[in-house]
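Listed below, chain by chain, are the residues.
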Amino acid sequence: MNIGEVAERSGLPPKTIRYYEDIGLVRPLRSDNGYRAFRETDLHKLAFLGRARALGFSIEDCRLLLSLYEDESRESAQVKSIAEEHLTAIEKKIAQLEAMRETLSHLVMSCHGDNRPDCPILSDLATGPGDRN
């Protein structure tokens, strides 16, 4: 398969596929004319990487997960550990986003949104949460 075909079948843009090749996540063969020649195994790896990235795994986590996937002597505990660390990071980020939403919702409700110049949103941004008395 050429890069266009593998891009269509994997759902990844050609630019992403080239990047994954540049960083060594996939290694397609090269034809005599220098064009990439992707195999089914390359397509499978790209689909794997696409799914892992869609779940938010970092490139380095993807590299580890892919190596574990290819290692038939792997222990599932290794995979679970990577996934648990990622899940913890997601939960932390969700908590941060919920706190942001709560603060911003309060500020939006506090602002009259009329022709007056006073605005609690701007006041909060100017003073910051730690500067209030």
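Residues numbered from 1 in each chain as written. Predicted model: local features only at pLDDT ≥ 70, side-chain atom pairs only at ≥ 80, totals over all residues. Heavy atoms only, no water.

### Some details on the UniProt feature "domain: HTH merR-type" (unreviewed entry) in the protein
Using the residue numbers shown here, the UniProt feature "domain: HTH merR-type" (unreviewed entry) corresponds to residues 1–68. Along residues 1–68 the backbone is 62% helical and 6% strand, and the end-to-end C-alpha distance reaches 26 Å. (UniProt positions renumbered as here; feature names shortened; annotations may be inferred. Helix = DSSP H or I, 4+ residues; strand = E, 2+ residues; numbered from the N terminus.)

### Structural notes on the UniProt feature "coiled-coil region" (unreviewed entry) in the protein
As annotated by UniProt and renumbered to match this structure, "coiled-coil region" (unreviewed entry) occupies residues 80–107. With 100% helix and 0% strand, residues 80–107 has end C-alpha atoms that lie 40 Å from one another.

### Remarks on the environment of Gly 56
Positionally, Gly 56 belongs in the loop between helix H3 (40–54) and helix H4 (59–70). Judged by its relative accessible area of 42%, Gly 56 is partly exposed. Between the alpha carbons of Gly 56 and Leu 87 there is a distance of 9.5 Å; along the sequence they are 31 residues apart. (Buried < 20%, exposed > 50% of the residue type's maximum accessible area, 1.4 Å probe, protein only.)

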